[in-house]
Amino acid sequence: MTKSVNLSVDIGGLKINNPITTASGTYGFGREYENYMDISKLGAIMVKGLTLRPRKGNKTPRVVETASGMLNSVGLENPGVEYFVENELPYLKKKGVTVIANISGNSIEEYCEMSRILDKTSCDAIEMNISCPNVKQGGVAFGTDKDVVLKITKKVRKYLTKPLIVKLSPNVTDIKEIAVSAEKGGADGISLINTLLGMAVDIKTRRPILRNNVGGLSGPAVKPVAIRMVWQVKSAVNIPIIGMGGISSVEDIIEFLLVGASAVSIGTANFINPKISLELLEELEKYLIENDIRDVNELVGQIKIY
Amino acid sequence: MFMEDCMVKSNERIVDGIYKMELINEKITNQSKAGQFLQIKVNKFDTPLLRRPISINEIKIDESTLVIYYKVVGKGTKIMADIKTGEVINVIGPLGTGFDIDMKNKNIAVVGGGIGIAPLIELCKSLYKDNNVFTYLGFYDIPYLVEEFKKYGNEIEISTVTGAAGKKGFVTGGLEKALLDNKIDIIYACGPNAMLKELKDIAGSLNIKCQLSLEERMACGIGACLGCSIETTDGEMKKVCYDGPVFWSNEVMLND
Ligand SMILES: Cc1cc2nc3c(=O)[nH]c(=O)nc-3n(C[C@H](O)[C@H](O)[C@H](O)COP(=O)(O)OP(=O)(O)OC[C@H]3O[C@@H](n4cnc5c(N)ncnc54)[C@H](O)[C@@H]3O)c2cc1C
Ligand SMILES: Cc1cc2nc3c(=O)[nH]c(=O)nc-3n(C[C@H](O)[C@H](O)[C@H](O)COP(=O)(O)O)c2cc1C
Ligand code: FES
């Protein structure tokens, strides 16, 4: 007798077959992983961060390993939203992939324009990355000011009939107030965390290792921060959460679900094991069966706080 | 390309700080060609987190064996040096595009500096039967792999920075004359960035075609993270792990 469990989840109207997704910027446009796994089995793919125009990104070195993690300063290299819509999206949809388009902008207008373009396509949802510098306001990241987050979410919302997920930056003092602004602005879901700003120095040359001087920290090292933030956000909003940051085992996934994530995203771990996302999906199913849990949603937010 | 467990057939010190490892895996070996590389997980833990890119030194199809040469420079390669025969390590490969080895009746210069000589063995092996291969190798102090190179080429010239063997100085010293004397049609090179830069200039001024194998810090090695992306001379972005590591010298800028 094989027991069956429900793995499907609903992220603010985006129904996905299972809670395992792959994080933006770590999974290319999906194709890169096809040698290693069947990408259509994922809950969803968050594609590489898109901008309105193509971007070349920063100079190398763009990546450096740190203790149980890595810093990156790729600088949003991407072929632009139009290229994505014409050349990458049709391929992914043909494969049966649920596609979440991740967007980044330098102004509110850019976010709106990208949303307008993407809303007419076959992509399944939009993930708005608000960790980008707001050029008009001195380059401070959109995601660090609750009023700006409210304003940008409201405006972008107007251009979208598809689910809108707002991706939060962890580089803030109070993650709850940012999440509340996103919810008030009309977000259907929240994803977190993006990378933590960091730096590494070559003591021989006395120079930063990254050509961009600073970069975003990801990998197992950031997981405790991500878990804490998902937990805090869960207590502040009623919309579903996609949790990410350092996931590399099924235990990590359960931790995220317990503190309130309805789905998770695998990032840096894909670089070390390109088929880890599907391995974790199998392990999650096995965990649920072994623990007599019929529906993965039963775990969400079930942490027993002291 | 495959992600496979490989059995370590041997792992030995060659000279100070330089090691040779043989890995057994049929799938990866059968697909490999000169200039491609492997992404090696040096242990099963989170530290070090990322895989380490190491070039394929020699492909032994009959024995389903790949040979690599590596220099111990940090955490990852130090752990590699302690791996024992019979242990199993996880490898992704073969990665990258490799050298263009579709050559016949050419005078070929193969130029290597330091541990950058490693991928040039398989290159020479693929070229020496149908072409004249002139090999120029630069070392800091004690040369290694020289006997292997002798098997797969017409002439070999050694230089060392310390003067321990061969000509004293860099491999690029006096190279222009040698390239002209031997009527070189194409140059292949791998080594430190400074050496590649000089070769790019030499190849440009002598108008000789030249392929360079580049190094960049990598996270994935499979074209997904864009950690290794460089701008080419025509303004395109290319991934060293996927579109390279081998590029034509006039394609790349080689900034430091
Ligand atoms: C395509 C390619 C082929 C290579 N082939 C060989 C080879 O055949 N033999 C050999 O000895 N070395 C080779 N290297 C260099 C080798 O990858 C590094 O020496 C090695 O990763 C250092 O790891 P570590 O942990 O010992 O050093 P650490 O300095 O502790 O490494 C820290 C991080 O920096 C990266 N890193 C450090 N130095 C380099 C470098 N020179 N290039 C790229 N990444 C680096 C590491 O991968 C790691 O992510 C190659 C590099 C590339 C990109
Ligand atoms: C190389 C790299 C590139 C990334 N690019 C993007 C991006 O374009 N847009 C985005 O929203 N997040 C990007 N991220 C952040 C990840 O999506 C994820 O939020 C973060 O890495 C934490 O998860 P992890 O620890 O599992 O990697 C990137 C991360 C890495 C490592
Ligand atoms: S190392 Fe990830 S794209 Fe080249």
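Caption draft 1: Spatial organisation of the overall build of chain A. Check the secondary structure of chain A and you find eight helices and 18 strands. Each principal axis of the C-alpha distribution contributes one length, and for chain A these read about 60 × 50 × 45 Å. Taking all 306 residues of chain A together, the buried fraction comes to 58%. For chain A, long-range pairs separated by at least 24 residues make up 70% of all intrachain contacts whose partners lie at least 6 apart in sequence. Surface summary for chain A: the accessible area is close to 12900 Å², and the carbon and sulfur share equals 49%.

Caption draft 2: Inspection of the overall build of chain B at higher detail. Summing up its helical and strand segments, chain B has six helices and 16 strands in all. Taking 18 Å as the expected radius of gyration for a compact globule of 256 residues, we find that chain B reaches 17 Å, a close match to that expectation. Dimensions of chain B, computed from the C-alpha atoms along their principal axes, are close to 50 × 40 × 35 Å. Out of the 256 residues in chain B, the part that is buried amounts to 55%. In chain B, 63% of the contacts between residues at least 6 apart in sequence involve partners at least 24 apart. Carbon and sulfur atoms provide 49% of the accessible area of chain B, an area that totals close to 11000 Å².

Caption draft 3: How the structure looks around the pattern of salt bridges. Residue and element names in this part refer to chain A. Under the criterion given, the structure shown has 24 salt bridges over all chains. Two residues, Lys95 and Glu34, come together in a salt bridge whose shortest N-O distance is 3.0 Å. One end of the pair, Lys95, is in the loop between helix H1 (81-94) and strand E7 (99-103); the other, Glu34, is in the loop between strand E3 (20-22) and strand E4 (44-46), and 61 residues separate them in sequence. Classification of Lys95 by relative accessible area gives partly exposed; the value is 38%. A salt bridge links Lys146 to Asp147; its shortest N-O distance comes to 4.0 Å. Lys146 sits in the partly exposed class, given a relative accessible area of 35%.

Caption draft 4: Representation of the sheet that holds strand E4 (residues 52-55) of chain B within the structure. All names here are of chain B. On the basis of which strands lie adjacent, the open sheet formed by seven strands has the order E4-E3-E7-E1-E2-E6-E5 and antiparallel pairing. The sheet is open, and its two edges are formed by E4 and strand E5 (58-60), each paired on a single side. The mean angle between the axes of side-by-side strands here comes to 35°, regardless of whether they run parallel or antiparallel. The pairing of strand E1 (residues 2-15) with strand E2 (residues 18-24) spans seven bridges and is antiparallel. Considered in E2, the bridge of Val15 is made with Ile18.

Caption draft 5: Structural view of the nonpolar core. One finds Leu168, Leu192 and Leu284 of chain A together with Ile187 of chain B to be the most contacted residues of the largest nonpolar core, which totals 138 residues. Here this core spans two domains, and each of domain 1 (2-95) and domain 2 (107-248) of chain B adds at least three residues to it. In this structure, Met103, Ala118, Leu145 and Val146 of chain B belong to the second largest nonpolar core, which totals 29 residues.

Caption draft 6: Spotlight on the packing of aromatic side chains. As enumerated under the stated definition, the model contains seven aromatic pairs over all chains in all. Measuring from ring centre to ring centre gives 5.6 Å for Phe99 of chain B and Tyr188 of chain B, while their planes differ by 80°; the resulting arrangement is edge-to-face. With Phe99 of chain B in the loop between strand E7 (88-95) and strand E8 (107-113) and Tyr188 of chain B in strand E12 (residues 186-190), this residue pair connects regions lying 89 residues apart in the sequence. No difference in accessibility class separates Phe99 of chain B from Tyr188 of chain B, as the two residues are buried. In this structure, Arg31 of chain A packs its charged tip against the face of Tyr91 of chain A, placed 4.1 Å from the ring centre. If you follow Lys239 of chain B out to its NZ or CZ, it ends over the ring of Tyr242 of chain B, 5.5 Å from the centre.

Caption draft 7: Seen up close, the site of ligand 1. Lining the immediate environment of ligand 1, one finds 20 residues, of which Arg52, Pro53, Gly76, Thr77 and Arg217 of chain B sit closest. Lying at an intersection of chains, ligand 1 is approached by residues of chains A and B. Between ligand 1 and Glu215 of chain B there is a distance of 2.7 Å, counted from a nitrogen atom to a side-chain nitrogen or oxygen. Counting only elements with at least two residues in the shell around ligand 1, the list comes to E4, strand E6 (65-71) and helix H2 (75-81) of chain B.

Caption draft 8: Layout of a negative patch on the surface. Residue and element names in this part refer to chain A. On the surface, a cluster of negative charge is contributed by Glu251, Glu279, Glu282, Glu283 and Glu285. With four residues, helix H8 (residues 276-290) is the largest single contributor of residues to the negative patch. Counting through the fold element by element, Glu283 comes out in helix H8.

Caption draft 9: Examining the site of ligand 2 more closely. Inspection of the region around ligand 2 gives 23 residues, with Ser24, Lys167, Gly219, Gly246 and Thr268 of chain A positioned closest. Chains contributing residues near ligand 2 are chains A and B. Lys48 of chain A places a side-chain nitrogen or oxygen 3.3 Å from an oxygen atom of ligand 2. Interatomic distance of 3.2 Å between a backbone N/O atom of Gly267 of chain A and an oxygen atom of ligand 2.

Caption draft 10: Examining the packing of helix H5 (residues 223-236) of chain A against helix H6 (residues 250-258) of chain A more closely. Residue and element names in this part refer to chain A. Running from N to C, H5 and H6 cross one another at 25°; their axes reach a closest spacing of 9 Å. The angle between H5 and H6 falls in the class roughly parallel. In this structure, H5 contributes Lys223, Ala226, Ile227 and Val230 to the contact, and H6 contributes Asp252, Glu255 and Phe256. Residues of the contact of H5 with H6, tallied by class, amount to four nonpolar, no polar and three charged.

Caption draft 11: The pairing of E7 of chain B, seen in detail. Residues and elements named next belong to chain B. For E7, the buried fraction is high: six of the eight residues fall into the buried class. Strand direction decides the pairing type here: E1 and E7, joined by six bridges, are antiparallel. The partner of Cys6 across the bridge, within E7, is Ile89. Pairing of strand E3 (residues 37-41) with E7 involves four bridges; the strand directions are antiparallel. Within E7, the residue paired with Phe37 across the bridge is Leu95.

Caption draft 12: Layout of the domain arrangement of chain B. Residues and elements named next belong to chain B. Taken domain by domain, chain B comprises domain 1 (2-95) and domain 2 (107-248). Across the contact, 19 residues belong to domain 1 and 22 residues belong to domain 2. When the two sides are added together, the surface that domain 1 and domain 2 hide from each other amounts to roughly 1700 Å², 66% of it contributed by carbon and sulfur. Here domain 1 is connected to domain 2 by one salt bridge. The partner of Lys125 in a salt bridge is Glu58, with the nearest N and O atoms 3.0 Å apart. Put simply, domain 1 and domain 2 have seven residue pairs in polar contact (both at pLDDT 80 or more) between them. Contributing elements (two or more residues each) for the side of domain 1 that touches domain 2: E1, E3, E4, E5, E6 and E7. With three residues, the top contributor of residues to the side of domain 1 that touches domain 2 is E6. Grouping the constituent residues of the side of domain 1 that touches domain 2 by class yields 13 nonpolar, four polar and two charged.

Reading the values: rules and limits
- Residues numbered from 1 in each chain as written.
- Chains lettered and ligands numbered in written order.
- Predicted model: local features only at pLDDT ≥ 70, side-chain atom pairs only at ≥ 80, totals over all residues.
- Heavy atoms only, no water.
- Helix = DSSP H or I, 4+ residues; strand = E, 2+ residues; numbered from the N terminus.
- Buried < 20%, exposed > 50% of the residue type's maximum accessible area, 1.4 Å probe, protein only.
- Contact = heavy atoms within 4.5 Å.
- Areas by Shrake-Rupley, 256 points an atom, 1.4 Å probe, with all protein chains shown as cover.
- Rg over C-alpha atoms; globule rule 2.2 N^0.38 Å.
- Salt bridge = Lys/Arg side-chain N within 4 Å of Asp/Glu carboxyl O.
- Pairing = 2+ DSSP bridges.
- Axes fitted to C-alpha atoms, helices over the stretch in contact; angles between N-to-C directions.
- Core = buried A, V, L, I, M, F, W, Y, C linked by side-chain atoms within 4.5 Å.
- Domains from an automatic or database assignment.
- Phe/Tyr/Trp six-rings, centres within 6.5 Å; stacked < 30°, edge-to-face > 60°.
- Lys NZ or Arg CZ within 6 Å of the ring centre and 35° of its normal.
- Near = heavy atom within 4 Å.
- Polar contact = N/O pair within 3.5 Å; in protein donor to acceptor, adjacent residues only side chain to side chain.
- Patch = residues over 30% accessible without salt bridge, like charges linked within 9 Å, V, L, I, M, F, W, Y side chains within 5 Å.
- Lys, Arg positive; Asp, Glu negative; His and termini not counted.
- Charge placed at Lys NZ, Arg CZ, Asp CG, Glu CD.
- Parallel < 35°, antiparallel > 145°, perpendicular 65-115°, else oblique.
- Nonpolar A, V, L, I, M, F, W, Y, C, P; charged D, E, K, R; others polar.
- Buried area = accessible area lost by both parts, 1.4 Å probe.

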